[in-house]
Amino acid sequence: MRLTWLRPGFRLIVGIKLGGWVHGRAQAGQLTNVVHLTHTVGGSLSGLTTLHKSLLSGACAAARIAELEDNPRLVEQPGGTILSELKGAIKFTNINFCYPTRPETQILRNFNLELQPGEVFALVGESGGGKSTIGQLLQRLYDPQTGDITIDEVGLVDLDQQWLRRHIGVVSQEPTLFSGSILNNIRYARPQASQEAVETRRSKPMPIPSSKFPDGYHTLVGERGAQLSGGQRQRIAIARALLAEPKVLLLDEATSALDAESELLVQEALERAMQGRTTIVIAHRLSTVCKADRIGLLQDGELKEIGTHRALMAKGGDYAKLAKAQLGE
Ligand SMILES: Nc1ncnc2c1ncn2[C@@H]1O[C@H](COP(=O)(O)OP(=O)(O)OP(=O)(O)O)[C@@H](O)[C@H]1O
């Protein structure tokens with residue numbers, strides 16, 4: 001078995017990182033079959049390979065390994081507050097952030113944003129401007145150098161990280177899948193969900209045309225979903241987010257890999273999913289963000305314009321120029 005779940009040139013770092021990370025989880029009693037890994041971490045790669053097999057015996061463990069691989073987190077801290085009820089009020093206050101590997105490049109400058117529970121907020125701006133970074137900070141994959149981020153007025157730094165990530169549904173350009181069936185990939189956030197619950201959400205079919213797969217929902221997706229197209233991977237990630245019913249949704253170019261017809265169908269499913277959830281939508285195509293309650297234009301690391309599509313168009317600023325160029329308004 002190859003250790004392809006570890007990126008080439010990344011193995012040693014993962015080994016060290018995994019030690020701390022897995023230990024944290026094991027202490028929390030949430031991933032007991034991985035506790036052996038902490039003993040293997042200074043050991044040989046063959047030891048890790050054996051362990052890898054045993055890890056893959058549990059779908060959740062595998063999912064978490066895949067999750068870890070794609071997100072070599074710098075912030076790993078066990079314990080913390082678990083809120084009994086999450087409303088979804090989000091506040092970023094005076095955030096300054098640069099990635100630790102590139103301290104000379106400031107991504108966010110004095111960034112401020114306050115979202116009401118249930119609000120749909122779209123983030124637009126030039127490529128590389130820091131939109132996805134805001135999503136990464138919200139999941140606490142990184143901590144800002146200065147400033148605070150709160151959910152329901154509790155600082156992210158005080159919240160239990162696993163709890164936080166379970167309550168934020170994420171659909172990104174390149175979703176994280178693990179080698180298992182479509183079914184298990186979808187019910188990652190709710191492992192006990194029945195197949196019926198997976199296939200139907202609020203009486204509407206999930207956006208997975210399972211008849212197109214040889215074994216329907218039991219079709220294996222290959223390592224990291226390699227046997228699927230980008231669009232199929234995205235559909236699975238969307239189905240996973242819909243099933244989990246999180247209070248906060250982060251849609252980062254969630255439909256970018258879909259063809260126009262599929263995008264319409266999936267967009268409809270997503271719009272249903274956004275109802276009653278605080279949602280941050282990141283999209284290049286302005287046609288998908290026009291309906292948001294508010295839109296923010298990120299420029300030079302801060303929100304330069306903020307308002308409804310109509311208000312921003314009336315203002316005639318950079319958003320209006322962008323929209324006119326794209327939508328021909
Ligand atoms: N893990 C990382 N380490 C270092 N720099 C990074 C990392 N991730 C992103 N960056 C850099 O941070 C900047 C902002 O990236 P980000 O992905 O947030 O932009 P974006 O606005 O979402 O871009 P796009 O619209 O193209 O997806 C970019 O210059 C990018 O190269």
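As the structure is a prediction and not an experimental result, all values here were calculated from the model.

Procedures and definitions
- Residues numbered from 1 in each chain as written.
- Predicted model: local features only at pLDDT ≥ 70, side-chain atom pairs only at ≥ 80, totals over all residues.
- Heavy atoms only, no water.
- Phe/Tyr/Trp six-rings, centres within 6.5 Å; stacked < 30°, edge-to-face > 60°.
- Helix = DSSP H or I, 4+ residues; strand = E, 2+ residues; numbered from the N terminus.
- Buried < 20%, exposed > 50% of the residue type's maximum accessible area, 1.4 Å probe, protein only.
- Core = buried A, V, L, I, M, F, W, Y, C linked by side-chain atoms within 4.5 Å.
- Contact = heavy atoms within 4.5 Å.
- Near = heavy atom within 4 Å.
- Polar contact = N/O pair within 3.5 Å; in protein donor to acceptor, adjacent residues only side chain to side chain.
- Areas by Shrake-Rupley, 256 points an atom, 1.4 Å probe, with all protein chains shown as cover.
- Nonpolar A, V, L, I, M, F, W, Y, C, P; charged D, E, K, R; others polar.
- Axes fitted to C-alpha atoms, helices over the stretch in contact; angles between N-to-C directions.
- Parallel < 35°, antiparallel > 145°, perpendicular 65-115°, else oblique.
- Left-handed = near helix turned anticlockwise from the far one by under 90°.
- Salt bridge = Lys/Arg side-chain N within 4 Å of Asp/Glu carboxyl O.
- Pairing = 2+ DSSP bridges.

As enumerated under the stated definition, the model contains four aromatic pairs in all. With 5.9 Å between their ring centres and 55° between their planes, Phe97 and Tyr142 make a pair best called tilted. Here Tyr142 lies in the loop between α5 (131–138) and β4 (146–151) and Phe97 lies in strand β1 (residues 90–97), a separation of 45 residues in the sequence. Take Phe97 and Tyr142: they sit in the same class, and that class is buried. Within the aromatic cluster, the residues linked to one another by ring pairs are Phe97, Tyr99 and Tyr142.

Counting residues in each nonpolar core, the largest one holds 32 residues, and the members touching the most others are Phe92, Leu108, Phe111 and Leu138. Elements with a minimum of two residues in this core: β1, β2 (108–115), β3 (120–125), α5, β4, α6 (161–166), β9 (248–252) and β10 (278–282). When near neighbours in sequence (up to four residues on either side) are disregarded, Leu108 contacts Ile95, Asn96, Phe97, Gly130, Thr133, Ile134, Leu137, Leu298 and Gly301. The next biggest cluster of nonpolar side chains, apart from the first, holds 29 residues, and it includes Ala241, Leu242, Leu258 and Leu286.

Turning our attention to the site of the ligand. The full set close to the ligand counts 15 residues, and Ser127, Gly128, Lys131, Ser132 and Thr133 are the nearest of them. In this structure, an oxygen atom belonging to the ligand sits 2.8 Å away from a main-chain N or O atom of Gly128. Measuring from a nitrogen atom of the ligand, one finds a side-chain N or O atom of Tyr142 at 3.4 Å. When the ligand sits alone it has 640 Å² of accessible area, and the protein chains cover 72% of it. For the shell around the ligand, the class distribution of residues is three nonpolar, nine polar and three charged.

With that settled, consider the packing of helix α9 (residues 230–244) against helix α10 (residues 260–274). Their axes nearest at 10 Å, the elements α9 and α10 cross at an angle of 15°. The angle between α9 and α10 falls in the class roughly parallel. At the point where α9 passes α10, the crossing takes the left-handed sense. For the pair α9 and α10, contact is made by Arg235, Ile238 and Leu242 and by Ser262, Val266, Ala269, Leu270 and Ala273, respectively. Classifying every residue of the contact of α9 with α10 by side-chain character gives six nonpolar, one polar and one charged.

Time to look at the pattern of salt bridges. Scanning the model with the defined rule gives five salt bridges in all. Put simply, Arg140 and Asp143 hold a salt bridge, and the shortest N to O gap is 2.7 Å. A relative accessible area of 3% means that Arg140 is categorised as buried. Between Lys321 and Asp318 there is a salt bridge, with the nearest N and O atoms lying 3.4 Å from each other.

This part takes up the pairing of β3. With six of six residues buried, β3 lies mostly within the body of the structure. Covered by surrounding structure in β3 are Val120, Ala122 and Val124 together with Phe121, Leu123 and Gly125, the residues of both alternating faces. Bridge analysis of β3 against β10 gives four bridges, and the strand direction is parallel. Looking at β10, one finds that Ala122 is bridged to Val281. Strand direction decides the pairing type here: β3 and strand β11 (residues 294–299), joined by five bridges, are parallel. Following the sheet pairing, Ala122 is matched in β11 by Ile295.

Another aspect to go through is the environment of Gln275. Note that Gln275 resides in the loop between α10 and β10. The sequence separation of Gln275 and Tyr319 amounts to 44 residues, and the corresponding C-alpha distance is 25 Å.

For the rest of this paragraph, the subject is the sheet that holds β9. Spatial strand order, β6-β9-β10-β3-β11-β12: six strands in an open sheet with mixed pairing. Of all strands in the sheet, those with a lone pairing partner are β6 (168–171) and β12 (302–307), marking the two edges. Between one strand axis and the next, the sheet turns by 20° as a mean value, whatever way the strands run. Sheet strands touched by α5: β3, β6, β9, β10 and β11. Its angle to β3, the strand with the most contacts, is close to 135°. Contacts from α10 reach β3, β9 and β10 within the one sheet, and its direction differs from that of β9 by about 150°.

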